[in-house]
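For reference, the chains in residue letters:
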Amino acid sequence: MQLVYQTNNLFDAHLVKHALEDAGIPAFVFGESLLGAGGELPLFGLLRVCVPDSAKPLADDVVAGLDLDAGPVDPISDDDEAPGLLPA
C-alpha cells in the first residue's frame, strides 16, 4: 500500500477516497477509528488514504486534480471588508 493523501479532516479523506474509486482505483482510509482517542494519540496526521502500489502514479494525478489544499491559509483576514456598525 502506498500513501497518496494525509489529513486530519475526515471529510477530505473520504472525498479523496471516493474520487479515487470513481477513477477505478481501490482506496482505503486508515486511522478513521482512531479519531475518538485524541487524548492518547497525536492529533495530526491520523487519517491516511492509501492505494495499491501499482496504482500510485495514477492516484497522485487524481489527488492533485482535486486541489484540496488551495484554500486560503488564514480564512479570516484584515483585508476583508467589514460592514462596520449595523443598526440594531
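Please refer to the structure higher up on the page.
Computed from a prediction, not measured in an experiment: that's the story for all the values here.

## Structural notes on the packing of helix H1 (residues 10–22) against helix H2 (residues 56–66)
One can describe the packing of H1 onto H2 by two numbers: an axis separation of 10 Å at closest approach and a directional angle of 125°. Looking at the two axes, H1 sits oblique to H2. H1 and H2 meet at a crossing whose hand is right-handed. In contact with Val 16, Ala 19 and Leu 20 of H1, H2 contributes Ala 59, Val 62, Val 63 and Leu 66. A per-class count over the contact of H1 with H2 returns 7 nonpolar, no polar and no charged.

Criteria and thresholds
- Residues numbered from 1 in each chain as written.
- Predicted model: local features only at pLDDT ≥ 70, side-chain atom pairs only at ≥ 80, totals over all residues.
- Heavy atoms only, no water.
- Axes fitted to C-alpha atoms, helices over the stretch in contact; angles between N-to-C directions.
- Helix = DSSP H or I, 4+ residues; strand = E, 2+ residues; numbered from the N terminus.
- Parallel < 35°, antiparallel > 145°, perpendicular 65-115°, else oblique.
- Left-handed = near helix turned anticlockwise from the far one by under 90°.
- Contact = heavy atoms within 4.5 Å.
- Nonpolar A, V, L, I, M, F, W, Y, C, P; charged D, E, K, R; others polar.

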